[in-house]
Amino acid sequence: MKKKYHNDNQGIREKKRFNNYMLNFFNGFDYRSHELLSAAITDLTNNLRLDDKTDNTISKYMSVLNMMFKRAQNLGTIKSIPDMPSLAVINNPRQSYFNEELNLISKKLFEEYERTKEIEYLEIKDYINLIRSAGFRPGLEPLNMKRSDYEFIKDRDNPETDILKFTVRNTKTKPIHYPIANDFFTKHIFSEILNRHSDLKDDDYLLFPFIKDRKTLKNKTGKTFSRFSKDLNLYYYKGGTRPLYSIRHTYATEQWKKGTVIEDISKLMNTSPRMVMSVYLGNSDEALIKLHKRIPNKFKLVK
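Calculation criteria
- By convention here, each chain's residues receive numbers from 1 onward along its written sequence.
- For this predicted model, a pLDDT threshold of at least 70 governs which residues receive local features, and a threshold of 80 or more governs which side-chain atom pairs are given and counted, while totals over whole chains, interfaces and linings are taken from all residues.
- Just so you know, side-chain values use all the structure's heavy atoms and leave hydrogens and water out.
- A pair of aromatic rings is counted whenever rings of Phe, Tyr or Trp (Trp by its six-membered ring) have centres within 6.5 Å, and the orientation is called stacked for planes under 30 degrees apart, edge-to-face for over 60 and tilted otherwise.
- Helix and strand assignments follow DSSP, with helices taken as H or I runs no shorter than four residues and strands as E runs no shorter than two, numbered in order from the N terminus.
- The buried label goes to any residue with under 20% of its type's maximum accessible area, the exposed label to any with over 50%, and the partly exposed label to all in between, with areas taken from a 1.4 Å probe on protein chains only.
- Each salt bridge in this description consists of a side-chain nitrogen of Lys or Arg and a carboxyl oxygen of Asp or Glu lying within 4 Å of one another.
- Lining residues are defined by having an atom within 4 Å of a point belonging to a cavity or pocket. Those points lie on a 1 Å grid over the protein atoms alone, cavities being sets where a 1.4 Å probe fits but cannot get out and pockets being open sets with protein on both sides within 12 Å along at least five of seven lines.
- Grid points are joined across faces, edges and corners, and a volume is the space filled by probe spheres set on the points.
- Each residue gets one label: Ala, Val, Leu, Ile, Met, Phe, Trp, Tyr, Cys and Pro are nonpolar, Asp, Glu, Lys and Arg are charged, and the others, such as Gly, are polar.
- Take the buried Ala, Val, Leu, Ile, Met, Phe, Trp, Tyr and Cys residues and link them wherever side-chain atoms come within 4.5 Å; each set so joined is a nonpolar core.
- Any two residues whose heavy atoms approach within 4.5 Å at even a single point are treated as in contact.
- Should DSSP find at least two bridges between two strands, the strands are regarded as paired.
- Residues qualify for a patch when their relative accessible area is over 30% and they have no salt bridge, like charges being joined within 9 Å and the nonpolar side chains of Val, Leu, Ile, Met, Phe, Trp and Tyr within 5 Å.
- Residue exposure ignores everything except the shown protein chains as possible cover, and the areas themselves are Shrake-Rupley values with a 1.4 Å probe.
- As a rule, the C-alpha atoms of each element are fitted with a line to give its axis, helices using only the stretch in contact, and angles between N-to-C directions run from 0 to 180 degrees.
- Roughly parallel covers angles under 35 degrees, roughly antiparallel covers those over 145, roughly perpendicular covers 65 to 115, and oblique covers all other angles.
- By definition, any crossing whose near helix is turned counterclockwise from its far helix by less than a right angle is left-handed, and any crossing with a clockwise turn is right-handed.
- Residue-level confidence of the predictor, termed pLDDT, takes values from 0 up to 100.
- Polar contacts here mean pairs of N or O atoms no more than 3.5 Å apart (in protein, one a potential hydrogen donor and the other a potential acceptor; neighbouring residues in sequence count only if both atoms are side-chain atoms).

What follows deals with the packing of aromatic side chains. Overall, the coordinates contain eleven aromatic pairs when judged by the stated rule. Between Tyr97 and Phe225 the ring centres are 5.6 Å apart and the planes differ by 85°, which places this aromatic pair in the edge-to-face class. Here Tyr97, found in the loop between helix 4 (87-90) and helix 5 (99-116), pairs with Phe225, found in helix 10 (residues 214-231); they are 128 residues apart in sequence, far enough to count as distant. Both residues of the pair, Tyr97 and Phe225, belong to the buried class. Here the aromatic rings of Phe152 and Phe190 are separated by 6.4 Å at their centres, their planes lie at 70°, and the arrangement is edge-to-face.

Written out as structure tokens, the structure is:
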């Protein structure tokens, strides 16, 4: 009797853990698609790590998820249980994309739009271009921006150049952040985003304006990005994965390569210099190459 009571309580705790945190990642798609299930698992593990969950906590979530999949398989909802990533894979330092790789993903999204005529693929391309353009934190922060949350500001020393400034509210680190976009995005891409739905009001969302549930949208865009990245054999890299959030790492790396100092990168990205070095640049090949160039390597070693 005690054993049954214990098992019942454990089942209640498992279901509560699933409903409170994990359910959002598994809503709104066909569970029979093994590919979409795998993308949802990846998105979940990425968010667990971003939320600073410990290895022990992540292991518990993976265990609960595995039990849920076993029940779904027994009920005939899914045919097989998806592979669960190991802690070694989850903890692998996140690598950035090369700009050429992100261009390939954008091209693939456009081709999918041409094939299906579903505008969501163009909107996801817009989203990727936006978070590539400035120090955004991919997720709800840019997705919650309204059409009134941008303005063009002028540099008196260079009045012919428009500087595109965004307003991001309720960020992870402070109430308001003002990212500034790179010039190419400002001149050649932003107008395309605005004209995608030109008849909207200032209080409509800048991206995906007709979708109200932004949390579900965040999860869906992450899954779609991962799926296209996998289709192009770009997702797995150096023993780890490169989800949508890796674009933030790309931004830091590109700024670093162009000579932007760490203090300015941290301001652009709304984070601390320590985070820039330890999380976004510390493990990148580009940062190590640049460090190698700065240190003396001409002393001789005894053979």
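Bringing the pattern of salt bridges into the picture now. Throughout the structure, instances matching the rule amount to 13 salt bridges. Between Glu120 and Lys220 there is a salt bridge whose closest N-O contact spans 3.7 Å. Of this pair, Glu120 sits in helix 6 (residues 120-133) while Lys220 sits in helix 10, and the two are 100 residues apart along the sequence. In this structure, Arg196 engages Glu192 in a salt bridge whose closest nitrogen and oxygen atoms are separated by 3.2 Å. Of this pair, Arg196 and Glu192 both sit in helix 9 (residues 190-196), four residues apart, roughly one helical turn. By relative accessible area, Glu192 is classed as partly exposed at 35%. Three or more residues joined by partner-sharing salt bridges are found here, namely Lys125, Asp126, Glu192 and Arg196.

Our next topic: the layout of surface pockets. Approximately 870 Å³ is the volume attributed to the largest pocket. Along the wall of the largest pocket there are 33 residues; nearest its centre are Asn47, Pro138, Gly139, Leu140 and Lys218. If you list the elements that add at least two residues to the lining of the largest pocket, you get helix 1 (2-22), helix 2 (34-50), helix 7 (140-143), strand 3 (168-169) and helix 10. The biggest single contributor to the lining of the largest pocket is helix 10, with six residues. Here the residues of the lining of the largest pocket sort into eleven nonpolar, twelve polar and ten charged.

Judged by nonpolar contacts, the single largest core of 33 residues is most densely connected at Ile105, Ile128, Phe136, Phe166, Phe185 and Phe225. Elements that contribute at least two residues to this core include exactly helix 5, helix 6, strand 2 (158-166), helix 9 and helix 10. The biggest single contributor to this core is helix 6, with six residues. When near neighbours in sequence (up to four residues on either side) are disregarded, Phe136 contacts Leu130, Ile131, Pro142, Met145, Phe166, Val168, Pro179 and Arg248. In terms of nonpolar packing, the next biggest core, distinct from the first, is built from 19 residues, Phe25, Ile41, Leu44 and Tyr61 among them.

Of the strand pairs in this sheet, strand 1 (residues 150-155) and strand 2 are connected by six bridges, and their pairing is antiparallel. Paired with Ile153 across the bridge in strand 2 is Ile163.

Moving on, we come to a nonpolar patch on the surface. Judged by side-chain polarity, Leu288, Leu291 and Ile295 come together as a nonpolar surface patch covering roughly 250 Å² of accessible area. Relative to the assigned elements, Ile295 resides in the segment after helix 14 (285-294).

As a further point, take the environment of Glu111. Note on placement: Glu111 falls in helix 5. Expressed as a C-alpha distance, the spacing of Glu111 and Tyr121, which sit ten residues apart in the sequence, is 8.8 Å.

Between helix 11 (residues 246-257) and helix 12 (residues 262-269), whose axes approach to 10 Å, the crossing angle comes to 150°. The pairing of helix 11 with helix 12 is recorded here as roughly antiparallel in orientation. When the axes of helix 11 and helix 12 are compared, the crossing they make is right-handed. Across the interface between the two elements, Arg248, Tyr251, Ala252, Gln255 and Trp256 from helix 11 touch Ile262, Ile265, Leu268 and Met269 from helix 12. Residues belonging to the contact of helix 11 with helix 12 are distributed by class as follows: seven nonpolar, one polar and one charged.

Even without being glycine, Lys117 reaches a positive phi, approximately 60°. Residue Asn233 is not a glycine yet carries a positive backbone phi of 60°.

Chain-level pLDDT for the protein is 85 on average; 88% of the residues reach the 70-or-more range. Low pLDDT (under 50) marks residues 1-6, which in the prediction has one contact with non-local residues, meaning those over four places away or in another chain.

What follows deals with the environment of Thr54. If you trace the backbone, Thr54 turns up in the loop between helix 2 and helix 3 (55-74). A polar contact of 3.0 Å, which involves the side chain of Thr54, links it to the side chain of Thr57.

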